[in-house]
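Remarks on the overall topology
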Amino acid sequence: MKIAFSPCPNDTFVFHAWVHGLIPGAPGLDVMYADIDITNTLAAGANGLDVMKISYAALPWVLDKYALVPCGGALGRGNGPLVLTKSGGEPAELAGKRVAVPSERSTAYLLFRLWAAQRVPNGGLDIVVMPFHDIMPAVRDGAVDAGLVIHEARFTYPSYGLSKLADLGEWWEEDTGLPIPLGAIIAKRSLDKDAIARWARASVEYAWAHPDASRAYVMEHAQEMDPDVAKSHIELYVNRFTAELGEEGYAAVEALLGRAAAEGLVPAFDMALLRS
């Protein structure tokens, strides 16, 4: 079975057991490690893999071909994207400014646009897409006025001399009371979604039961990340929603994508496909 997920610590931690043949009955995996912007594009095209980790924000483009697997993904509280600048400021000051984002088909981007619609008068943002690891240097060096950051940037942005303008996770939770949908696991509709969910859940449970077993694998793909940062990354993004999306998780996904569709940020789609 061909699978694509990122080299980030949460993904390698979650899938370590399955990748290494430790889940009884699960098929072997042929792994492609790729940034989520790449997997979003692959899933929407003709060359998508059997199972993929994509952004929840990209689901409306692919639900005709892929089913949402209710485990293995990233959704939770206290782990939302940040809006960073060199010197803080107020949200209204972003009007007309150049803002770097990691993707226009990311949950981070949808949250940012929904937040900006409330907090930045007259819109007019100049959006620049760039790889997420380039965003903080671009803000630091003045190439852009602000940056939307994800992943371990939550822990490392002070080392770039940057300030937090907004925590979009905090805003979302205050506005909706719901957790934040970040990365989704999807499977081709021709496959057995329930079986894939069982294998993914078993891999999550193995990771929790044997937290040291995946350490070498995680750090091999962690792009020279500090081990303590990798550990914090896993603790933040791997949680009960990773094992089972549940009703609260589905409600969060429906709220995000429903709002985004109403704002014209994603195409209209049949909401029932999220659960089928």
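Quick caveat: nothing in here was measured; it's all calculated off a predicted structure. (Residues numbered from 1 in each chain as written. Predicted model: local features only at pLDDT ≥ 70, side-chain atom pairs only at ≥ 80, totals over all residues. Heavy atoms only, no water.)

**Considerations on the overall build of the protein chain**
Counting secondary structure elements, the protein chain contains eleven helices and ten strands. Compactness check: the protein chain gives a C-alpha radius of gyration of 18 Å against a globular reference of 19 Å for 276 residues, within 12% of the reference. Judged by the C-alpha coordinates and their principal axes, the protein chain covers about 55 × 40 × 35 Å. Within the protein chain, the proportion of its 276 residues that are buried is 54%. For the protein chain, the computed accessible surface area is about 11400 Å², with 50% contributed by carbon and sulfur atoms. Of the charged side chains in the protein chain, 23 are positive and 34 negative; the average position of the first set lies 2 Å away from that of the second. (Helix = DSSP H or I, 4+ residues; strand = E, 2+ residues; numbered from the N terminus. Rg over C-alpha atoms; globule rule 2.2 N^0.38 Å. Buried < 20%, exposed > 50% of the residue type's maximum accessible area, 1.4 Å probe, protein only. Areas by Shrake-Rupley, 256 points an atom, 1.4 Å probe, with all protein chains shown as cover. Lys, Arg positive; Asp, Glu negative; His and termini not counted. Charge placed at Lys NZ, Arg CZ, Asp CG, Glu CD.)

**Let's talk about the packing of helix α3 (residues 107-119) against helix α6 (residues 168-176)**
The interhelical angle for the contact between α3 and α6, taken along N-to-C directions, is 65°, at an axis separation of 10 Å. Overall, the two elements α3 and α6 adopt an arrangement that is roughly perpendicular. In terms of crossing hand, the pair formed by α3 and α6 is left-handed. Across the interface between the two elements, A108, L111, F112, L114, W115, Q118 and R119 of α3 pack against L168, W171, W172 and D175 of α6. Looking at the contact of α3 with α6, its residues break down into eight nonpolar, one polar and two charged. (Axes fitted to C-alpha atoms, helices over the stretch in contact; angles between N-to-C directions. Parallel < 35°, antiparallel > 145°, perpendicular 65-115°, else oblique. Left-handed = near helix turned anticlockwise from the far one by under 90°. Contact = heavy atoms within 4.5 Å. Nonpolar A, V, L, I, M, F, W, Y, C, P; charged D, E, K, R; others polar.)

**What to know about the packing of α3 against helix α11 (residues 246-262)**
Direction vectors running N to C along α3 and α11 enclose 60°, while the axes themselves pass 11 Å from each other. With respect to α11, the element α3 is oriented oblique. Here α3 and α11 pass one another in a crossing that is left-handed. Residue-level inspection shows T107, L110, L111 and L114 of α3 in contact with α11, the latter providing L256, L257, R259 and A260. The class makeup of the residues in the contact of α3 with α11 is six nonpolar, one polar and one charged.

**A word on the state of the cysteines**
Taken as a whole and judged by the stated rule, the model has zero disulfides. This cysteine, C8, is not joined by any disulfide, and C71 carries the nearest cysteine sulfur, 19 Å off. Overall, C8 belongs to the buried group, its relative accessible area being 9%. On the basis of relative accessible area, C71 is assigned to the buried category, the value being 1%. (Disulfide = S-S within 2.5 Å.)

**Quick notes on helix α9 (residues 227-237)**
Every buried residue of α9 is accounted for by V229, A230, H233, I234, L236 and Y237. Projected down its long axis, α9 shows its buried positions confined to an angular sector of 165°, all on one face. Exposed and oriented more than 90 degrees from the buried face of α9 are P227, D228 and E235. Lining the buried residues of α9 we find α1 (9-19), β4 (66-76), α5 (153-156), β10 (180-188), α8 (215-220) and α10 (240-243). For α9, the capping residue at the N-terminal end is D226, with a side-chain oxygen 2.8 Å from the backbone nitrogen of D228. (Arc of directions from axis to C-beta. Polar contact = N/O pair within 3.5 Å; in protein donor to acceptor, adjacent residues only side chain to side chain.)

**Details of the nonpolar core**
Counting 56 residues, the largest nonpolar core has L59, V83 and W115 as its most contacted members. Of all the elements, α3 adds the most residues to this core, at eight residues. Filtering out sequence-adjacent residues up to four positions away, V83 remains in contact with L94, F112, W115, A146, G147, L148, S163, K164, L165, A166 and L168. (Core = buried A, V, L, I, M, F, W, Y, C linked by side-chain atoms within 4.5 Å.)

**Remarks on α1**
Since one α-helical turn is 3.6 residues long, residues separated by three or four positions face the same way. By the criterion of burial, α1 is predominantly enclosed, with ten of the eleven residues buried. A positive phi of about 70° marks G21, the residue just after α1.

**Some points on empty space enclosed by the protein**
This model, assessed by the stated rule, comprises three cavities of 30 Å³ or more. Estimates place the volume of the largest cavity at around 310 Å³. Taken together, 24 residues line the largest cavity, and the ones lying closest to its centre are I36, I150, H151, L182 and G183. Every element with two or more residues in the lining of the largest cavity is listed here: α1, α2 (36-44), β3 (51-55), α3 and β10. (1 Å grid on protein atoms, 1.4 Å probe; cavity = no way out; pocket = protein on both sides within 12 Å on 5 of 7 lines; lining within 4 Å. Points joined across faces, edges and corners; volume = space filled by probe spheres on them.)

**Comments concerning the pattern of salt bridges**
Tallied over the full model, the rule gives twelve salt bridges. One salt bridge in this structure joins E248 and R77, with 2.5 Å as the shortest N-O distance. Remark: R77 occurs in the loop between β4 and β5 (82-85) and E248 occurs in helix α11; sequence separation between them is 171 residues. On the accessibility criterion, R77 (35% relative accessible area) is partly exposed. Residue R275 pairs with E254 through a salt bridge whose shortest N-O separation is 2.9 Å. Taken together, the residues span a long stretch of sequence, with R275 in the segment after α11 and E254 in helix α11 at a distance of 21 residues. (Salt bridge = Lys/Arg side-chain N within 4 Å of Asp/Glu carboxyl O.)

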